[in-house]
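Notes for the structure review
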Amino acid sequence: MSGSLVAAAPLAALAGLVSFASPCVLPLVPGYLSYVTGMTGADLAEQRRGRLLAGVLLFVAGFSAVFVSYGAVFGGLGRWLLEYQDTITRVLGVITIVFGLAFMGFVPGLQRTVKSGRLPAAGLAGAPLLGVLFGLGWTPCIGPTLGAVQGLAITEASAGRGALLSLAYCAGLGLPFVATAIAYRRALGAFGAVKRHYPLVMRIGGGMLVLIGVLLVSGLWGDLTIELRSWISGFEPVM
């Protein structure tokens, strides 16, 4: 947990949560749940939690495998670019700022998704495959946030750290799916509240990415991680 990982991991998890709450994902959640379980909306409402939870976990495992692989690749790439780390960090900061603006809708060209021509069969057997397709295709709103997380993975300069950072993102994105499976009816009510505040969600998410980008460009990101590392190293347990 040395280096910038202690600061980057919580931000990656928060980016995953913002991705889940985005208008490109949240309205589709009931459809995803229906598809990965092979159940109708009425069946889902009847709280058949065992099958619902199994389908969601398989779906989350599918896209997590893709995203963690991305993190390992980008983190490993950063290891070979340590000599140019300062310049790369600042360039990635600019890219992250662009991603933030795209998340808020100011760069429409980046709000695209790649879709597979074929979908796996509905049900538990197809759930992990749908998760993989979800990870490969992303969605218009996931692209900017996940791209920013992979930019941070490069700055970690380690395949393991990059994978762990992506795992934090997957936790932020996947745990709300799991929570929805556990409490489906209550979750639908919460979704309605979030939908009514979509502009605020997009501004907060985009603003967070822009802030990270500014920290990277200005060099304050390194200062922040140094401060956190010194704070953690000075911590002593009570017992």
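Going by what an unreviewed UniProt entry lists, the protein is known as Cytochrome c-type biogenesis protein and is assigned to Actinomadura coerulea. According to the UniProt record, the Sequence similarities (unreviewed entry) comment for the protein is "Belongs to the DsbD family." The record in UniProt for the protein states the following under Subcellular location (unreviewed entry): "Membrane".

Quick look at the overall build of the protein now. Helix and strand counts for the protein come out as 11 helices and 0 strands. Scanning the protein from its N terminus toward the C terminus, one meets helices and strands in the order α-α-α-α-α-α-α-α-α-α-α. Expressed as a percentage of the 239 residues in the protein, the buried residues total 45%. Put simply, of all contacts in the protein between residues at least 6 apart along the chain, 83% involve residues at least 24 apart. Total accessible area on the protein stands at roughly 11800 Å², and carbon and sulfur atoms take up 70% of it.

Once that is clear, we can look at the UniProt feature "transmembrane region" (unreviewed entry) in the protein. The sites that carry the UniProt feature "transmembrane region" (unreviewed entry) are, in the present numbering, residues 52-75, 87-107, 119-139, 159-179 and 200-221. Counted over residues 52-75, helix gives 100% and strand 0%. Its end C-alpha atoms are 34 Å apart. For residues 159-179, helix accounts for 100% and strand for 0%, while the C-alpha atoms at its two ends are 30 Å apart.

Turning to its location among the elements, glycine 16 is positioned in helix α1 (residues 5-21). Each C-alpha atom, one on glycine 16 and one on proline 176, is 9.6 Å from the other, the two residues being 160 residues apart in sequence. In this structure glycine 16 touches Tyr169, Gly172 and Leu173, once residues within four positions along its chain are discounted.

The terminal C-alpha atoms of helix α7 (residues 142-156) lie 21 Å apart, and with 15 residues this matches the ideal 21 Å at 1.5 Å per residue to within 8%. Within α7, 15 of the 15 residues are buried, which leaves the element mostly enclosed by the surrounding structure.

Another point: the packing of aromatic side chains. Each aromatic ring pair is summarised here by two numbers: the centre-to-centre distance and the angle between the ring planes. The final tally for this structure, using the stated rule, is 12 aromatic pairs. Ring centres 5.5 Å apart and planes at 80° place the aromatic pair phenylalanine 59 and phenylalanine 63 in the edge-to-face group. One end of the pair is phenylalanine 59 and the other is phenylalanine 63, both in helix α4 (residues 49-79) and 4 residues apart, which spans about a single turn. One exposure class covers both phenylalanine 59 and phenylalanine 63, and it is buried. With 6.3 Å between their ring centres and 55° between their planes, phenylalanine 63 and phenylalanine 177 make a pair best called tilted. Here phenylalanine 177 lies in helix α8 (residues 159-182) and phenylalanine 63 lies in helix α4, a separation of 114 residues in the sequence.

The rules behind these values
- Residues numbered from 1 in each chain as written.
- Predicted model: local features only at pLDDT ≥ 70, side-chain atom pairs only at ≥ 80, totals over all residues.
- Heavy atoms only, no water.
- UniProt positions renumbered as here; feature names shortened; annotations may be inferred.
- Helix = DSSP H or I, 4+ residues; strand = E, 2+ residues; numbered from the N terminus.
- Buried < 20%, exposed > 50% of the residue type's maximum accessible area, 1.4 Å probe, protein only.
- Contact = heavy atoms within 4.5 Å.
- Areas by Shrake-Rupley, 256 points an atom, 1.4 Å probe, with all protein chains shown as cover.
- Expected span 1.5 Å × (residues − 1).
- Phe/Tyr/Trp six-rings, centres within 6.5 Å; stacked < 30°, edge-to-face > 60°.

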